[in-house]
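Tertiary structure, described
If you want the building blocks of each chain, they are given just below.
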Protein chains: 2
Amino acid sequence: MRNPLLVPDLRELIQAGETAALRDFFSDHHPAQVAEMIEDLRPVEGDTILGLLPARNRAEILSYLDSERQVHLIESMSPAESAALLHLMSHDERADLVNRLEEDNVDRILPHLAQAEREDIRRLASYEPGTAGSVMTTDYVTLSPQLTVREALERLRHDAPDSETIYYNYVVDPQRKLVGFVSLKTLILSRSASARIGDIMRHDVIFARVDEDQESVARQIGKYDLIAIPVVDTTDMLVGIITHDDAMDILRKEQTEDILAFGGVSKDAEADEESYWQGRIVEAVRRRIGWLLMLFLAGTITRFVVHSFNWVNDRFPLLEFDTFIPLLIGTGGNAGSQSVGTIIRGLALGDIRPSDTIKVVGREVLTGLLLGMLLGVLGFGFTWLILGHPPIFGAVIGLAILGICIWANGVGALVPLLARRFDIDPAVVSAPLISTLVDATGLLIFYSIAILLLIRLAA
Amino acid sequence: MRNPLLVPDLRELIQAGETAALRDFFSDHHPAQVAEMIEDLRPVEGDTILGLLPARNRAEILSYLDSERQVHLIESMSPAESAALLHLMSHDERADLVNRLEEDNVDRILPHLAQAEREDIRRLASYEPGTAGSVMTTDYVTLSPQLTVREALERLRHDAPDSETIYYNYVVDPQRKLVGFVSLKTLILSRSASARIGDIMRHDVIFARVDEDQESVARQIGKYDLIAIPVVDTTDMLVGIITHDDAMDILRKEQTEDILAFGGVSKDAEADEESYWQGRIVEAVRRRIGWLLMLFLAGTITRFVVHSFNWVNDRFPLLEFDTFIPLLIGTGGNAGSQSVGTIIRGLALGDIRPSDTIKVVGREVLTGLLLGMLLGVLGFGFTWLILGHPPIFGAVIGLAILGICIWANGVGALVPLLARRFDIDPAVVSAPLISTLVDATGLLIFYSIAILLLIRLAA
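Every value quoted in this text rests on a predicted model; they were computed, and no experiment measured them.

Side note on the pairing of strand S6 (residues 238–243) of chain A
All names here are of chain A. Among the 6 residues in S6, 6 count as buried, and that is most of the element. Pairing of strand S5 (residues 228–232) with S6, which is carried by 5 bridges, proceeds in the antiparallel orientation. When the bridges of S6 are listed, Val-232 appears paired with Leu-238. Following S5, the chain reverses through 5 residues before pairing antiparallel with S6; Asp-236 in that reversal takes a positive phi of roughly 65 degrees.

This is the structure we're talking about:
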C-alpha cells in the first residue's frame, strides 16, 4: 500500500494550502494508511495534515504512527491540546503513549484530563509487561442482566463511538462481576426487543485473568475465534478486554521472539517490546552474552576431546584426521538444527505432545539414519575418490557422518521435548545449543569409529 | 481448559444414557471446548455426544475437531447424513474437509447437496494452496447500494445464521463487483433507518486478490485491525472473505514455518499444511536433504583450509592448533546465529528495512566486537592459565575469537539483508547456513592471526 509517488503530490497540496482537497483525500482512507503516508512526509507536513482532520480521526491515526512520531506530536502540542487528543484515543494506546512521555510532560498534561481518565491511565500503565493487564483496554460496553434487548441496543448506540468494539459485550452484576456475554449478533437476532439480557446471554464466558501471560491469552482468542476476551481480576471483577487485533500483535511479537530464542538470544519481556533500534548496544550484548558464554564454556570440552585423541592422528599422519573435524561437526550441527526446528514448530502448533517423546525421537533418528546414509556415501566418495585416501578411511568418514547425523537428530528431538517436560519453553532450545551439544559428542563418534576400523580391525 | 477429570464423569453419563444431562452440559460450552472433550473420549462416545446435539451445533463442533476425527465421523455416517452436516458447516471448513475425504466417498455424498453447494465446494477446493483463495470462505452477506439501512438489517437478520460474520458487510453492484463496505456498527449507528447503503458505505475498501499470498493477506488483516477482508478475482468481482480468526491461524502457521526455515528445513507450502505426523519420513528427508547437502558440500572447503595450514600446526606441535578448531568455529557459528536471528526478527516486525543495511551491519559488528572482547579475554585465560600454553599463544586464541565474533556478526547481519534485497525470503537464511559460511572463513582468521603473531612477529 506504500506509494512513494504520492509524497510529492501531497507535498504540493500542502504547500498550495489546498486544505479541502487534502481533507477529502485523507478522509476516505483507513487511519493506518493515513499514518503510513504521514510517516513518509516530514514531521511538520504530517502535523499540518493531522491539523486538518477531525479530532477523533486524528486520535485514531495517532495510534497507528510509530511511537517516536507519537511522542513528537504530543510534545509539539500544548498540554490542553494533548489532553484533548488523549481523551479521544483508545484507552490501551493512550496508556502506552503516556508511558513513553517524559515524566514532567505527563505532569503537565494529566491535570487537563478528567480524574477517571487519569486513574484509568495510571491503572493500565501499572500492570507488569507481558501480562494480560498490560495489553488490555478499558473502553468497552458493559450491560446489566436486567436490561431489555432494546435498552441494550440503545446503550450500544450511545457508547459505540468511545468503545473498542460493540460486537462483543459483557454482562456484569452490580459489583461488576462478570456474569455473562452477549454478542451484537445475538441482540440483532433476538426475536423480542423486550427480552432480558439475562435470559439471552451466554453464561459460560471464556475469560482471562489480569495477571495471565499475554501469549496464552492471545492463543485463547485464536483458539476460540473470539473478537475479544474479557479480563477479570482476582475477585472476578471485569477490569478490561483484549481484542483480536491486539492478540494478533501479541502473537506476532511472541513468535518472532521465538526466532530470536532459536538463534540463541535470551528472551526478555521488556526488551521485546522495543524495536531493533531501541535500547543500546550494551543491552544487545547483555541479552546475547549469557548463552554465548555458556556455550563457549561447554565448547572448551571439545579441546580436551581432540587433545586426548590426538594419538590416533599421530599414528596416521597422512590421513590428517583434524582436517575433517570442521566438516563433521558442522554437519552434525546442521542436522541437529533441522531436527530441533521441526520439533519446536510441532510443539508450537500442538502437533507434538510431550507424551509423544519416544515416537518423535524414533522418527527423528530414522530421518537422521536416512540423511546420514546419503551424506555418508558422499563423505566416503569425497575421502576416497577426491582426496585419494585409502577406502577404509573413506569408510571411517562415511560411518562417522552416519553416526553423527543419527545422534544429532536424536539430540535435536530429545532436548526440546525434555525442556517442555520440565516446563521450560522449548523455544529456548536454540540451534547453537544443539550444535554445541553435538560438537564434543560428534568428535567422540568420529574417533571411536576410527579406532575401531583402523586399529582394532587392522590388528 | 483441558480437564481430564471430566472424562470419567462424561463416560458415566453416556453409559447411563443421561441424554438430557449431557445435552445441557454441552450446550453451554464453546464448540471448541466441546471438540476438545470429544477428542479426549473414544470415537464411539464422541459420536454419541454429537448425535445428541442440534445439527447446527454439531456442524460447528465438527470444524474444531482434528482432521482425522472429522474424516472418521463423516465416514461413519450415511451419505445423506454427511451431506446434511456439510450443508451446515462454514464453507471454508467444508471445502477443506471434502478435500480430505476419499474420492469415491465424495462422489457418494455430493449428489445429496444442492448444485450451488457442490459448485461452491469444488471452487473453493480448486485454489492453489497458500493463496487467499485457498483459505477464504463464501458464507458472507452482500448488500446492494440501493438498500436502506432498515432493509440491510433485515437482510443481515435473515442471513446471519448461515454467515461467517455479520459485523463486516460488503456492498456489490449487480455484476458482483465490490463497490463498498459497511460495518454492522455503521448500520446500528445510522441516524436514519431509511438512509441508503450507497450513501453511508465506505468506498475505499481494503481488499485482497484471490491469487495473493495468504500470509500477506493475513498481515493486512492485522495491520488494519480488520474483522474480515474481502477477496476479489481478476475482474474485481467479490468471490470470498477471509476472517480475522483464519488470519491468525495463517500467521501462526507461517511464523512457525519460519522457525523450520531458520533450522535449515526447506519451505514447502503444501507440506506445511500437514501436521508433524502426516507425510512419510521420506518426505521429511526430502525437505531436509537439500540444505544439508549444499552445506555439506560447502563444508568440504574447511578440509582444504585446515589441510593447507597444517604446516603451522606442524611447526608448533606442542600447541596443538587442531584442538582449538571446534571451539573457535563453534563460537563463530553461535555468534552468527544470534545475529541472524535478531535480523530476521527485525525484518519480520518491520523494524529493519533493506535500506538500513549499513547501519545494521555496523551495529552488529560493534556488538560482535564487544562480545568478542569478553570471550576473547576468556579464551586467552583458558589457553594460558588453564592449558599452560605460552601467553603469546593465548593471545592468538583470544584475538582469533575476537576476529571470528566480529566477522560472524557481520555475516549474520549482512546475509539476511542481502536476501531481502534480492527478494528472497530472509527466513530461509538459516542458522546452519551462517554457521557453515563462518566455519571456513573463521579458520582463515585463526591461522592468519597465528602466522602473524607466532611467525611474523617472532621473526
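Details of unusual backbone geometry
Unusually for a residue other than glycine, Asp-225 of chain A sits at a positive phi of about 55 degrees. Here Asp-225 of chain A lies in the loop between helix H15 (214–223) and S5. With a phi angle near 65 degrees, Arg-176 of chain B is a residue other than glycine that sits in the positive phi range. Tracing the backbone shows Arg-176 of chain B in the loop between strand S2 (168–172) and strand S3 (178–183). A relative accessible area of 34% means that Arg-176 of chain B is categorised as partly exposed.

Description of the sheet that holds strand S4 (residues 208–209) of chain B
Pairing is mixed across the open sheet formed by 3 strands, whose spatial order is S4-S5-S6 (chain B). Pairing within the sheet leaves two strands with one partner each, and these edge strands are S4 and strand S6 (238–243) of chain B.

Looking at the UniProt feature "transmembrane region" (unreviewed entry) in chain A
Residue and element names in this part refer to chain A. Here, the residues flagged by UniProt with the feature "transmembrane region" (unreviewed entry) are residues 289–312, 365–386, 392–419 and 431–455. Taken as a whole, residues 289–312 contains 96% helix and 0% strand, while its terminal C-alpha atoms sit 35 Å from one another. The span residues 431–455 carries 100% helix and 0% strand; its end-to-end C-alpha distance comes to 35 Å.

Observations regarding a negative patch on the surface
Residues and elements named next belong to chain A. Residues Glu-75, Glu-102, Glu-103, Asp-104 and Asp-107 make up a contiguous surface patch of negative charge. The biggest single contributor to the negative patch is helix H9 (residues 103–109), with 3 residues. Relative to the helices and strands, Glu-75 is located in helix H6 (residues 67–75).

Focus: the side chain of His-91 of chain B
Topologically, His-91 of chain B is positioned in helix H8 (residues 91–100). Beyond its immediate sequence surroundings of up to four residues, His-91 of chain B is in contact with Asp-120, Leu-124, Thr-137, Thr-138 and Asp-139 of chain B.

A short note on the domain arrangement of chain A
Here chain A is partitioned into domain 1 (6–126), domain 2 (142–246) and domain 3 (281–456). Here the C-alpha centre of domain 3 of chain A lies 54 Å away from the C-alpha centre of domain 1 of chain A.

Some words on the packing of aromatic side chains
A ring pair, where both rings are aromatic, is described by two values, the distance of the centres and the angle of the planes. Residue and element names in this part refer to chain A. Enumeration according to the criterion identifies 26 aromatic pairs over all chains in this entry. With centroids separated by 4.9 Å and ring planes inclined at 65 degrees, the aromatic side chains of Tyr-168 and Phe-181 adopt a geometry described as edge-to-face. Remark: Phe-181 occurs in strand S3 (residues 178–183) and Tyr-168 occurs in strand S2 (residues 168–172); sequence separation between them is 13 residues. Each member of the pair, Tyr-168 as well as Phe-181, carries the same accessibility label: buried. Between the aromatic rings of Phe-309 and Tyr-447, the centroid separation amounts to 4.8 Å while the plane-to-plane angle is 0 degrees, which identifies the pairing as stacked. Taken together, the positions of Phe-309 in the loop between helix H17 (281–308) and helix H18 (310–315) and Tyr-447 in helix H22 (residues 431–456) put the pair 138 residues apart, joining distant regions of the chain. Accessibility assignment for this pair places Phe-309 and Tyr-447 in one class, buried. Taken together through their ring pairs, the aromatic side chains of Phe-309, Phe-316, Phe-321, Phe-324, Phe-393, Phe-446 and Tyr-447 make up a single cluster.

Observations regarding the UniProt feature "domain: CBS" (unreviewed entry) in chain A
All names here are of chain A. According to UniProt, the positions carrying the feature "domain: CBS" (unreviewed entry) are residues 136–200 and 201–257. Secondary structure across residues 136–200 comprises 32% helix and 20% strand; the distance between its end C-alpha atoms is 26 Å. Secondary structure within residues 201–257 divides into 42% helix and 23% strand; the distance between the first and last C-alpha atoms comes to 38 Å.

Considering the nonpolar core
Membership of the largest hydrophobic core comes to 105 residues, with the highest contact counts inside it found for Phe-321 and Phe-446 of chain A together with Phe-321 and Phe-446 of chain B. In terms of nonpolar packing, the next biggest core, distinct from the first, is built from 104 residues, Ile-241 of chain A together with Val-205, Tyr-224 and Leu-251 of chain B among them.

Calculation criteria
Residues numbered from 1 in each chain as written. Chains lettered and ligands numbered in written order. Predicted model: local features only at pLDDT ≥ 70, side-chain atom pairs only at ≥ 80, totals over all residues. Heavy atoms only, no water. Buried < 20%, exposed > 50% of the residue type's maximum accessible area, 1.4 Å probe, protein only. Helix = DSSP H or I, 4+ residues; strand = E, 2+ residues; numbered from the N terminus. Pairing = 2+ DSSP bridges. UniProt positions renumbered as here; feature names shortened; annotations may be inferred. Patch = residues over 30% accessible without salt bridge, like charges linked within 9 Å, V, L, I, M, F, W, Y side chains within 5 Å. Areas by Shrake-Rupley, 256 points an atom, 1.4 Å probe, with all protein chains shown as cover. Salt bridge = Lys/Arg side-chain N within 4 Å of Asp/Glu carboxyl O. Lys, Arg positive; Asp, Glu negative; His and termini not counted. Charge placed at Lys NZ, Arg CZ, Asp CG, Glu CD. Contact = heavy atoms within 4.5 Å. Domains from an automatic or database assignment. Phe/Tyr/Trp six-rings, centres within 6.5 Å; stacked < 30°, edge-to-face > 60°. Core = buried A, V, L, I, M, F, W, Y, C linked by side-chain atoms within 4.5 Å.

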